[in-house]
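If you want the building blocks of each chain, they are given just below.
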Amino acid sequence: MRSTRLNLFSIMIAVVFSLCASLVFAGGATAKTGFSQAQESARKWQADAVLVQIITVSGDMEGTSRKWSYLFYSPQAKKGYKVDVKDSKIDQAIEVPSSFTDAVDGDFIDSAQAITEGKKKGLKGKNRAMMTLHIMQQGTKSQGAYWNIVSDQADGRSTLINAKTGKFFRHQALK
């Protein structure tokens, strides 16, 4: 009888621990969560700073990540500025060279919505997704901002979601 109670107690402890662990180690935030912090930092750097890219290499299949990098460009200074937001705090902000100069309008769908739309159109993944938001010009019929998603089961392709409309655009081969 005592060993039965001990086993039940052990099972309860294991269940409670696993529930708590999943909450503690659950994904982070969506891309828009840290955007205003990053933008404020960039505007202190250069008043004319515009968003040109958002990226995470450690996202999950829910469209969240513990760390998002926001790249801004100053047309006047002709320089870039990268702001890393990790666990909802600015982790690093540095001036960088930037090959991206086309501004992404702040009116874009969030990363979670992009993942959801991608899943509707066949995006598969177990745990991880790399996500990038930036202006695409070549290979698209309409220029504009797109979410480019590559999951841990991408099968050699990325999924493009129009960041303005939230609509699936296409799957494309990784090169």
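Please refer to the structure placed before this passage.
Residues numbered from 1 in each chain as written. Predicted model: local features only at pLDDT ≥ 70, side-chain atom pairs only at ≥ 80, totals over all residues. Heavy atoms only, no water.

Enquirer: Even after reading the chapter, I still don't get the packing of aromatic side chains, so can you show me in this structure?
Expert: A ring pair, where both rings are aromatic, is described by two values, the distance of the centres and the angle of the planes. For the structure shown, the criterion picks out five aromatic pairs. Arranged with centres 5.7 Å apart and planes meeting at 80 degrees, the rings of phenylalanine 35 and phenylalanine 108 form a pair that is edge-to-face. Taken together, the positions of phenylalanine 35 in helix H2 (residues 35–45) and phenylalanine 108 in the loop between strand S4 (89–96) and helix H3 (111–120) put the pair 73 residues apart, joining distant regions of the chain. We note that phenylalanine 35, like phenylalanine 108, is buried. Lying over the aromatic face of phenylalanine 108, lysine 32 brings its terminal NZ or CZ to 4.9 Å of the ring centre. (Phe/Tyr/Trp six-rings, centres within 6.5 Å; stacked < 30°, edge-to-face > 60°. Helix = DSSP H or I, 4+ residues; strand = E, 2+ residues; numbered from the N terminus. Buried < 20%, exposed > 50% of the residue type's maximum accessible area, 1.4 Å probe, protein only. Lys NZ or Arg CZ within 6 Å of the ring centre and 35° of its normal.)

Enquirer: Explain the pattern of salt bridges to me, please; I cannot follow it from the model alone.
Expert: On inspection of all chains with the given rule, the structure shows nine salt bridges. In this structure, glutamate 40 and lysine 44 form a salt bridge, with 3.5 Å as the shortest nitrogen-oxygen distance. Of this pair, glutamate 40 and lysine 44 are both found in helix H2, four residues apart, which corresponds to roughly one turn of the helix. Under the relative-accessibility criterion, glutamate 40 is labelled partly exposed at 49%. Glutamate 62 serves as the salt-bridge partner of lysine 119, at 3.4 Å between the closest nitrogen and oxygen. (Salt bridge = Lys/Arg side-chain N within 4 Å of Asp/Glu carboxyl O.)

Enquirer: Looking at this structure, how should I read H2?
Expert: Along H2, the residues that are buried comprise Phe35, Ala38, Ser41, Ala42 and Trp45. Across the axial projection of H2, the buried residues extend over an arc of 130 degrees, all falling on one side. Against strand S1 (50–60), strand S2 (67–74), strand S3 (79–86) and S4 lie the buried residues of H2. (Arc of directions from axis to C-beta. Contact = heavy atoms within 4.5 Å.)

Enquirer: How should the side chain of threonine 159 be read in this particular structure?
Expert: Position of threonine 159 among the secondary structure elements: in strand S7 (residues 157–162). For threonine 159, a relative accessible area of 2% puts it in the buried group. Only 3.0 Å separates the side chain of threonine 159 from the side chain of histidine 171, close enough to count as a polar contact. Not counting residues within four places of it along the chain, the set of residues in contact with threonine 159 comprises Gly118, Leu123, Trp147, Asn148, Ile149, Phe168, Arg170 and His171. (Polar contact = N/O pair within 3.5 Å; in protein donor to acceptor, adjacent residues only side chain to side chain.)

Enquirer: Can you help me understand the pairing of S1 in this one?
Expert: Side-chain direction in a regular strand flips from residue to residue, so the side chains alternate between the two faces of the sheet. As judged from the five bridges shared by S1 and S2, these two strands associate in the antiparallel manner. Residue pairing across strands places glutamine 53 opposite leucine 71, the latter belonging to S2. Taking the residues that link successive antiparallel strands as the turn, the S1-S2 hairpin has six residues, and the phi of glycine 63 there is positive, at about 85 degrees. Taken together, the six bridges between S1 and strand S5 (residues 128–136) define a ladder with antiparallel strand orientation. Looking across to S5, one finds that glycine 59 is bridged to alanine 129. (Pairing = 2+ DSSP bridges.)

Enquirer: Could you clarify how one ought to interpret unusual backbone geometry in this entry?
Expert: Outside of glycine, negative phi angles account for most residues, and trans bonds account for most peptide bonds. Residue lysine 78 is not a glycine yet carries a positive backbone phi of 55 degrees. Within the element layout of this structure, lysine 78 appears in the loop between S2 and S3. Of note in the backbone geometry, aspartate 87 takes a positive phi value of approximately 50 degrees without being a glycine. Residue position: aspartate 87 is located in the loop between S3 and S4. Given a relative accessible area of 40%, aspartate 87 falls into the partly exposed group.

What is shown is where atoms sit, not what they do.
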